[in-house]
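Descriptive structure summary
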Amino acid sequence: MQITGTGFFVPEKEITNADLEQMVETADEWIRQRVGVERRRISEAYTTADMGARAALAALEDAGLSPADIDLILVATVTADTLCPSTAAWVQQKIGAACPAFDINSACSGFLFALDTAESFLARGTYENILVIGAERVSRIVDWTDRATCVIFGDGAGAVVASRGDRFLASLLYTKGGDDVLKIPNFGGSSPFYKGETERPVIHMDGQETFKFAVSKMVEDIEAVAEKAGISVSEIDHFVCHQANIRILTYAAKRLGADMDKFFVNIEKYGNTSAASLPIALGELARSGRLRRGDVIACSAFGGGLSSAACIIKW
Ligand code: UT7
């Protein structure tokens, strides 16, 4: 597999920390220092699929391909607009493609789970080009009265075209099932036979436990995937990681003995966009002029499940 195009889309509406100070008891300084977010984009009218489709079209343009060239669409999301059709099916309709399409849910790690899945399909030898998308309208599932979570998240979508090639050097996926640290309950359902309590379908997160999991798994995963690729951490040119908290990235960089300048950071602009965060970062890095052909990129993500994933890509 190789990545032949990247693209991303974020909604125009920007919510600053000052705006949030009007909604919950928080402070711009606290959010900047503890999380690293200054502003985030919020979708008023774009559905998750609308954003995913826009990111997909940008990636197709970058790859010089059209929707007809795509053999499969994978969308990583925890904020599907409808349980059925899948977000991927909506994206297929919106961009005018005709290929199979399905969603993957592994929370904030979802994009890397989808990328790994794409490689398996390409390895069969029957598909040439796969659209891998991370798209999230997280604002729909945030409790806007909970200051511990509402200051963190944002909406957006990122996409790549994954084509046959030999530049996906190694990948690993991890899941430790359980909902004690991070969960988003489903809607209550309609069964007249069910008498259980229903929880609100919003993000419930133990921030500190998630933080500890994130730092230790990022370090462990990047070291393991680098070894799998036969390279040392010092040979990695760029770290493109899930943008959840600037402190998570700085701790991980320190433990890996890596220069923080090699870590791509855009959390200040977009906050945590869940499965969209990594492909948005990759799309921005690709457009920054800092990526050279042959550069080695380590990607790492973590989130609900609990889950984590990492891969090594040669650009
Ligand atoms: O993509 C999914 C993965 N998610 C993550 O990676 C999240 C990982 N966790 C984190 O990023 C951090 O744990 C948070 C940003 C969620 C919280 O930061 P923290 O430094 O761990 O804060 P804390 O939960 O230990 O709370 C410290 C204090 C508390 O006040 P007291 O009890 O010390 O008086 C909180 O009530 O900060 C308070 N606090 C806030 N204060 C101002 C919590 N949220 C806020 C806020 N504004 N928004």
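Residues numbered from 1 in each chain as written. Predicted model: local features only at pLDDT ≥ 70, side-chain atom pairs only at ≥ 80, totals over all residues. Heavy atoms only, no water.

Section: the site of the ligand
Using the following cut-off: Here a residue counts as near a molecule or strand whenever at least one of its heavy atoms sits within 4 Å of it. Under this definition, polar contacts are N or O atom pairs within 3.5 Å; protein pairs additionally need one hydrogen-donor-capable and one acceptor-capable atom, and for neighbouring residues in sequence, both atoms have to be side-chain atoms. Per-residue and other accessible areas follow the Shrake-Rupley method at a 1.4 Å probe size, with only the shown protein chains counted as cover for residues. Per the convention used, a helix needs a DSSP run of H or I reaching at least four residues, while a strand needs a run of E reaching at least two, with both numbered from the N terminus. Under this grouping Gly is polar, as are all residues other than the nonpolar Ala, Val, Leu, Ile, Met, Phe, Trp, Tyr, Cys and Pro and the charged Asp, Glu, Lys and Arg. For each domain, the first and last residues come from an automatic or database assignment.
Every one of the 21 residues lining the ligand counts as a neighbour, but Thr-26, Arg-147, Gln-208, Asn-245 and Asn-272 are closest to it. Within the backbone of Gly-207, one N or O atom sits 2.9 Å away from a nitrogen atom of the ligand. Against a free-state accessible area of 950 Å², the protein chains account for coverage of 72% of the ligand. Going through the elements one at a time, α2 (28–34), α6 (147–150), α7 (207–229) and α8 (246–256) are the ones with two or more residues in the shell around the ligand. A per-element tally of the shell around the ligand places α7 first, with 4 residues. Here the residues of the shell around the ligand sort into 11 nonpolar, 7 polar and 3 charged. Of the residues that make up the shell around the ligand, three or more belong to each of domain 1 (2–165) and domain 2 (170–189 + 200–314).

Some words on the pairing of strand β5 (residues 101–104)
The following threshold applies: Each pair of strands is called paired provided DSSP finds at least two bridges between the two strands. Every crossover in which the path from the first strand over the helix to the second runs clockwise, viewed with the strands pointing away from the viewer, is termed right-handed.
The sheet contact formed by strand β4 (residues 72–76) and β5 spans 4 bridges and is parallel. Looking across to β5, one finds that Ala-76 is bridged to Ile-104. Handedness of the crossover is the feature at issue here: the chain leaves β4, passes through helix α4 (residues 87–95), returns alongside β5, and the resulting connection is right-handed.

Considering the nonpolar core
Put simply, the rule is: Residue types Ala, Val, Leu, Ile, Met, Phe, Trp, Tyr and Cys, when buried and joined through side-chain atoms within 4.5 Å, form a set referred to as a nonpolar core. Type-normalised accessible area, obtained with a 1.4 Å probe on protein chains alone, sets the label of each residue: buried when under 20%, exposed when over 50%, and partly exposed for intermediate values. In this analysis, two residues are considered to be in contact whenever any of their non-hydrogen atoms come within 4.5 Å of each other.
Formed by 48 residues in total, the largest nonpolar core has its most connected members in Met-218, Ile-236, Phe-239 and Phe-263. If you list the elements that add at least two residues to this core, you get β8 (168–175), α7, β11 (238–241), α8, β12 (296–303) and β13 (307–314). A total of 9 residues in this core trace back to one element, the largest contributor, which is α7. The residues that make up this core include at least three from each of domain 1 (2–165) and domain 2 (170–189 + 200–314). With residues up to four places along the chain from it excluded, the contact list for Phe-263 reads Met-218, Phe-239, Cys-241, Leu-249, Ala-253, Leu-256 and Ala-258.

Topic: the environment of Ser-274
Tracing the sequence through the fold places Ser-274 in the loop between α9 (267–270) and α10 (277–287). In this structure, the C-alpha to C-alpha distance between Ser-274 and Phe-111, residues 163 residues apart in sequence, is 9.1 Å. Those residues in contact with Ser-274, other than ones at most four positions away along the chain, are Val-78, Ala-107, Cys-108, Glu-136, Val-138 and His-242. At 2.8 Å, the side chain of Ser-274 and the side chain of Glu-136 are in polar contact.

Quick notes on the sheet that holds β4
Counted only if it meets this: Structural elements are reduced to axes, namely lines fitted to C-alpha atoms, with helices fitted over the stretch in contact, and the angle between N-to-C directions of any two is expressed from 0 to 180 degrees.
Taking strand neighbours across the sheet as the criterion, the 5 strands line up as β1-β7-β6-β4-β5 in an open arrangement whose pairing is mixed. Pairing within the sheet leaves two strands with one partner each, and these edge strands are β1 (2–9) and β5. Between one strand and the next, the sheet's axes are offset by a mean angle of 20°, whatever the strand orientation. On top of the sheet, helix α3 (residues 48–63) reaches β1, β6 (129–136) and β7 (156–163); it is set at about 135° to β1, its chief contact. In this fold α10 packs onto β1, β6 and β7, with an angle of close to 105° to the strand it touches most, β1.

Focus on the sheet that holds β11
Remark on secondary structure: sheet strands pair via backbone hydrogen bonds, oriented parallel or antiparallel. Pairing within the open sheet is mixed, and its 4 strands lie in the order β8-β13-β12-β11. Every interior strand has two partners, whereas the edge strands, β8 and β11, have only one. Averaged over all pairs of adjacent strands, the angle between strand axes in this sheet comes to 10°, irrespective of strand direction. Pairing analysis gives 7 bridges linking β8 to β13, with the strands arranged antiparallel. Counterpart to Leu-173 in the pairing with β13 is Ala-309. Contacts from helix α5 (residues 110–123) reach β8, β12 and β13, with the element oriented near 125° to β8.

Considering unusual backbone geometry
Following Cys-84, the chain continues to Pro-85 via a peptide bond in cis, the omega torsion being 0°. Inspection of the secondary structure puts Pro-85 in the loop between β4 and α4. A cis amide bond, omega -15°, links Gly-305 with the succeeding residue Leu-306. Mapping Leu-306 onto the fold places it in the loop between β12 and β13. Phi at Ala-107 takes a positive value of approximately 50°, unusual for a residue other than glycine. On the secondary structure map, Ala-107 appears in the loop between β5 and α5. Look at Ala-107 and you get buried, because its relative accessible area is 14%. Phi is positive for Ser-274, close to 55°, though the residue is something other than glycine.

Structural notes on the side chain of Asp-143
Along the chain, Asp-143 turns up in the loop between β6 and α6. Judged by its relative accessible area of 14%, Asp-143 falls in the buried class. A polar side-chain atom of Asp-143 sits 2.6 Å from a polar atom in the side chain of Thr-145.

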